[in-house]
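# Structural overview for review
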Amino acid sequence: MKQITIFLVLFVIISLSNLANCQTSGKIFYNISHNWSKKMLNCKYLSKTDRENSSYVWGSNNEYIEKGILTFNENFNIFENIPNEEYERYYSSRKENYYIYRDVEKNKMLNIQKVLGKEYAIEDSIHCINWKIRNDMKEVAGHICMNAYYYDTIRDKEIVAWFALDMPIAIGPDGYCGLPGAILELDMNNGSQIYTATNIIPSDEPLKITIPEIKKKTKVISYNDFVEMENKSILESKKLTRPYFWQISY
Amino acid sequence: MIRKNLFLLIIIFISVLNVNSQISIIGQLKDTTNEFVPAATVMLLNSKDSALVNYTTSDSKGIFSFKNIKRAKYLLKISHVAFMPYQKTINPTEEEKEINLGLIKLSPIANFLMEVVIREAKAPIFIKGDTVEYDATTFKIPPGSTVEDLLKRLPGIEVDANGGITTMGKDVKTVYVDGKAFFGNDPTTVTQNLDAAAVKKVQVYNETTEQEKITGIKDNNKEKVMNLELKDEYKKGYFGKASVGYGWGENAANRWLAKGNFNYFTEKQQLSFMGYGNNINQSNVNWSDYSEFKGQSMRTGWDSGDFGFGGYGRRYFSYGYGYGGDGSGFSNNAGGGVNYNFYDKKIKFNASYFYTRTNTFSDTYSNRQTFLSDSIFWRIDTTGNDNTRNNHSFSTRFEYDFDSTNNLVLRADVSYSTTDRSNITTQLFQTSLFDDINLNSMKNDNGNNDFGVNALGIYTHKFKKKGRTFAISGNYDFSNGKSAENIDNLNEFYNLSPIEQIKFIVKNDEIDIDHTIKASILYVEPLSKQFTLQTFYNFRTSLRTNNNESRDPNNNSVDSLYLNYKNNLLYNRVGASLNFAYNGINIQAGGAFQNLQLNGISRQIATENKSNFPYSNGVPYFEADFELTDNLDLDLGYEYAVEEPNISYLFPMPNLSNNLYKTIGNPELDPERSHDASVRLSYWNQASMFNISLNGNASFSENNIVYNQTTNFVDSIGYVTISKPANVKGGNSFSTYLWSNFPIVKTILTMNVSLNGSISNSPVFINEMENNTNSKNAGGSLGINITAGEKLSFNAGASASATFTKYSINTDKNQNYMRYSANAGFKWQVFKKTFLEGNYSFSNYNNSKLDFNQNINNLNVSIRQVIGAKNQFEIRIAAMDLLNQNQYIRQIASVNYIEYRQSPTLARYYLLTVAYNLRGFEISNKSRNYF
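Quick summary incoming for the structure in this document.

Basis of the calculations
- Residues numbered from 1 in each chain as written.
- Chains lettered and ligands numbered in written order.
- Predicted model: local features only at pLDDT ≥ 70, side-chain atom pairs only at ≥ 80, totals over all residues.
- Heavy atoms only, no water.
- Disulfide = S-S within 2.5 Å.
- Helix = DSSP H or I, 4+ residues; strand = E, 2+ residues; numbered from the N terminus.
- Phe/Tyr/Trp six-rings, centres within 6.5 Å; stacked < 30°, edge-to-face > 60°.
- Buried < 20%, exposed > 50% of the residue type's maximum accessible area, 1.4 Å probe, protein only.
- Lys NZ or Arg CZ within 6 Å of the ring centre and 35° of its normal.
- Pairing = 2+ DSSP bridges.
- Axes fitted to C-alpha atoms, helices over the stretch in contact; angles between N-to-C directions.
- Contact = heavy atoms within 4.5 Å.
- Buried area = accessible area lost by both parts, 1.4 Å probe.
- Salt bridge = Lys/Arg side-chain N within 4 Å of Asp/Glu carboxyl O.
- Polar contact = N/O pair within 3.5 Å; in protein donor to acceptor, adjacent residues only side chain to side chain.
- Parallel < 35°, antiparallel > 145°, perpendicular 65-115°, else oblique.
- Left-handed = near helix turned anticlockwise from the far one by under 90°.
- Nonpolar A, V, L, I, M, F, W, Y, C, P; charged D, E, K, R; others polar.

## A look at the state of the cysteines
All names here are of chain A. In total, this model carries 1 disulfide over all chains according to the counting rule given. Between the sulfur of cysteine 128 and that of cysteine 177 lies a disulfide, 1.9 Å long from S to S. Handedness of the cysteine 128-cysteine 177 disulfide follows from its S-S torsion of about -110 degrees: it is left-handed. On the criterion of sequence distance, the pair formed by cysteine 128 in the loop between β6 (118-124) and β7 (132-140) and cysteine 177 in the loop between β9 (157-164) and β10 (183-188) is long-range, its members being 49 residues apart.

What follows is the structure, given as structure tokens:
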């Protein structure tokens, strides 16, 4: 028994050190599940009666699944949305530009995304969350992950991240970063929105990542301007007692 | 210069200070077999809140270091997939510049934890120091199992025959529940008696003895302790509310209401009860109460087995319990029911029963002017109505997901209703000179019993190939209606002396039975990522039998009124459509071929009529939705609608209740056919909150079924109208609607505007002469909402509409009528728990040709007070229609008549309501505002 244990441990170490060498480039596929009932229930500035009513009627299965893909190498990474074929078959929405680009070497971020119905290019130095590290461990997509936590006071949102110990690269979906390993799962407000890595394809050759193009019409703003714009919209939504997340990201 | 030097000096001083306040930390990692541990994650956390300050990985020799770190108290945390997490507090002294942690030994994570718990059970595991925590909810155990059964399944925990527990080679002598000792020292009292379903987490850790707490020296041979953390029962619960109100209205009439609901739910079940009763014209259940009663089954009752155009799985939705009524008269209402839902990943089940009863009594006055090609006459009606309707409805639905590819839905609805109507009507006919022609008095008592059953089954299979789908449905519909009617009709013709009287008294019994069977098949084949082919087949057959017998006051059969008919319908449709979906462009185009066969036989005493017509045609279909820009949508739709004639048009029931108005059948009728097109354009701007949408609809009728009217003056009776359904060619209608909503001052003042217009041309034959009624309608409204802080809000609005009707056979009778209205209201949170609300509305109805002009002012005020520490009680005093002017008014301009109708309804009353809410009442002015 003991021998098997030692063997296993050795095996794990060897395979991991192999993985650690090659997993500085690859693609991570994410499912992004939106649970509208939970989002509504956790939107505390709405009327309590209405929130409870909507959660009672819609239950816990009111989910919408989006898909995302994170392409990374040692110095660059980019996150994009890809269409969910299951929904696209009967109704296809207009494709929006959505690129979350990070140049780690030059400490530069570039997001091309729609904010309040208009496309912006958010260009700045990289901004990451100030995470708190916790003690839980679990497996996501075949990787042992540790747990980190952050509380967003503006959105009244708890974020729990699971980052892979054997992928020592500070990346994550939707620009979430700043942890010692790749973020393979992100849980916001107890399942209101969950990013889960479904498939990880490592690449031996560093994948080529090109910086997304900023169109002429697209306005370039700083990260602080972007945050200010979002915060202003959240404040307006609070005054109108309507969910903020119809207009801007959750 | 001096200043510049001083500045430099300060900078240098600060940097020196900084250097002094910075430290570095180094260390080396080895495992228990003395091998280096490379690639371990080493994190430096703020010791207060575990915030991540910095991190690194150990190199090939297990060495890690942090340089130039701010001097502060830290928590050093080392993680590696193969080793137990290591944690150490670092508290640098004032002088220390480099903290060398030396050799740190990491112990491997036990095999069972890594391989079995994390990888196989996929259970999150919590490891902190020597505590290991299992998530009990992720281990499957049969219902009714004890904690001991659960422990036997946890990797790394062993339970012997006597119930003794060991883990990692050590005995567990103590078991706590939620951190507390439970019935003495024997752990088996807990593990063999407590239900495993109650346990959320199992934690195993080393007991800290009192000695250790004092000395801080750890004893590695000590006992293990187990703690069972119980589930919080937040997923179970109940809520409900009840209210009773009492007051008085005009003529000292008592006004009352009572209603209540109670809901109980667990993680997978919802059970709800509801009841109501009142005499304030609230005859149905409102949306919010209804949705709370139905719970999760609210969104599963939409099944339709009639596959066809408009996208696979399109579902229709109807809601409501209770009988709406048209707002005239006074009603006493009662109802109640029970609903049960069960749902998990595979099964969704719902059963519900509801009973409603409404008794309405009303008095209606109407004034109608009818014009023929050469003459005009007036009719003045007064009607007294007393209707009672009881309805029982039971519905159940079962949905089962065999797996992710096979789904079955079964549902059944049963309803039984009884209706008792009695009404007394007098119709006074006058010539254009306001001379009385005749007076027609009718007394009618009618009792109905209707029983209906509907059963539906839908099976759907999704193939391995994404998007390939097959579905089949079957439907059985049965209805059985019985009616008994007592008719007492007296016509008095005034122009003769003595007055000519015609009496007509008859008792009529009718039985109507219908069986319908439907089946549909759908197959969807994806051709490429953008193109999908959808094919369908629909089958429907129905058999309807109707028997009508009449008896005179001497109980003799009235042969002329006997009618028995049997009608067989067979319908087949096969169709296909091609769907294109890509980047905001969605188009569906297709066509179907349908065949309809009607075989009918009708018997009267002496004659037998057969009607038999097969009807085949092709129908095209088109629908498109374009997202033109990110904020601009364009929807287009076209449909060729073909609808079979209603069976009662072919073999009409002899309409006996009125001797002066008769309907006859037309077995030669063709189906109705029309081309319907629609367009919708909408724009919104999320930043400025500006929304606008424009809708247009057009319908071109190829073949329309209308009631042609023949009205003749019959001597010694009066004007007698015979109405016969017939096909007419032509006719069209257009309508357009614009709506916009935008803020003038964001979050404070918003405005909404709407405009609508419509034009219709409808041909119909009046006394065998074609009359084209051209009707134009234009209207608009303007409204504002003001939110003056969190506690006060106002709204105000005004609307106007005008209708212009032209008649081709009698242009003198062209009609214009107008309607104006205005309203204003406020909601004010006077004190923390006191709310004052009021609204006022004004309406004017006007028709110069009928010399009709009526103003109605309506004012309602209410105050409510929430009471109690948990806000569970509420008292409300309401004064409704303070000016006592409420009444029901309708204006009609039809084919060859114009009319207005008035009826008294519930007007001024005062009501005191006391309500109790288990969850507590809301104490804010917040309104529902989801979008």
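Next comes the rest of the account.
## As for the packing of aromatic side chains
In this description, a pair of aromatic rings is defined by centroid distance and the angle of the planes. Taken as a whole and assessed by the stated rule, the structure comprises 39 aromatic pairs over all chains. Arranged with centres 6.3 Å apart and planes meeting at 55 degrees, the rings of Tyr683(B) and Phe690(B) form a pair that is tilted. Note on Phe873(B) and Tyr916(B): the rings are 4.9 Å apart at their centroids and 45 degrees apart in plane angle, and the pair reads as tilted. Taken together, the residues span a long stretch of sequence, with Phe873(B) in strand β42 (residues 873-880) and Tyr916(B) in strand β45 (residues 909-917) at a distance of 43 residues. Using a relative accessible area of 40% as the deciding quantity, one classes Phe873(B) as partly exposed. Ring-pair connections join several aromatic residues into one group, and the members of that group are Trp36(A), Tyr244(A), Phe245(A), Trp246(A) and Tyr250(A). Sitting above the plane of the Phe835(B) ring, Arg864(B) keeps its charged end 4.3 Å from the centroid.

## Considerations on the sheet that holds strand β6 (residues 83-90) of chain B
All names here are of chain B. With antiparallel pairing, 4 strands are arranged side by side in an open sheet as β3-β2-β5-β6. Since the sheet does not close on itself, it has two edges, and those belong to β3 (52-57) and β6, each with one partner. Neighbour to neighbour, the strand axes of the sheet diverge by 15 degrees on average, direction disregarded. When strand β5 (residues 74-80) meets β6, the two strands line up antiparallel, connected through 6 bridges.

## A closer look at the interface of chain A and chain B
Between chain A and chain B, the residue contacts involve 66 residues of the former and 80 residues of the latter. For the chain A and chain B pair, buried surface summed over both sides reaches about 6,700 Å², with 54% attributable to carbon and sulfur atoms. Its largest share of buried area at the contact with chain B, chain A owes to Tyr56(A), Arg89(A) and Arg94(A), together 13% of the area lost on that side. Taken together, the connections running from chain A to chain B amount to 3 salt bridges. In this structure, Glu236(A) and Lys746(B) form a salt bridge, with 3.3 Å as the shortest nitrogen-oxygen distance. At the junction of chain A with chain B, the criterion picks out 22 residue pairs in polar contact (both at pLDDT 80 or more).

## Remarks on the packing of helix α3 (residues 48-58) of chain A against helix α6 (residues 287-294) of chain B
Packing of α3(A) against α6(B) brings their axes to within 8 Å, and their N-to-C directions diverge by 45 degrees. What the angle tells us is that α3(A) and α6(B) run oblique. Handedness of the crossing formed by α3(A) with α6(B): left-handed. Judged by residue contacts, Asn53(A), Tyr56(A) and Val57(A) of α3(A) engage Ser288(B), Ser291(B) and Glu292(B) from α6(B). Among the residues making up the contact of α3(A) with α6(B), the classes are represented as 2 nonpolar, 3 polar and 1 charged.

## Notes on the sheet that holds strand β1 (residues 22-31) of chain B
Residue and element names in this part refer to chain B. If you walk across this open sheet you meet the 3 strands as β4-β1-β7, and the pairing is mixed. Each edge of the open sheet is held by one strand with a lone partner, namely β4 (63-70) and β7 (98-106). Averaged over neighbouring strand pairs, the angle between their axes works out to 15 degrees when direction is ignored. With 7 bridges joining them, β1 and β7 adopt parallel strand pairing.

## Considerations on the pairing of strand β11 (residues 193-202) of chain A
Residues and elements named next belong to chain A. Alignment of strand β1 (residues 26-35) against β11, held across 9 bridges, turns out to be antiparallel. By the bridge assignment for β11, histidine 34 is matched with glutamine 193. Inspection of the sheet shows β10 paired to β11 by 4 bridges, in the antiparallel sense. Residue methionine 188 lies in a different strand from β11, and its bridge partner there is glutamine 193. Connecting β10 to the antiparallel partner β11 that follows it, the hairpin turn spans 4 residues, and asparagine 189 within it adopts a positive phi of roughly 45 degrees.

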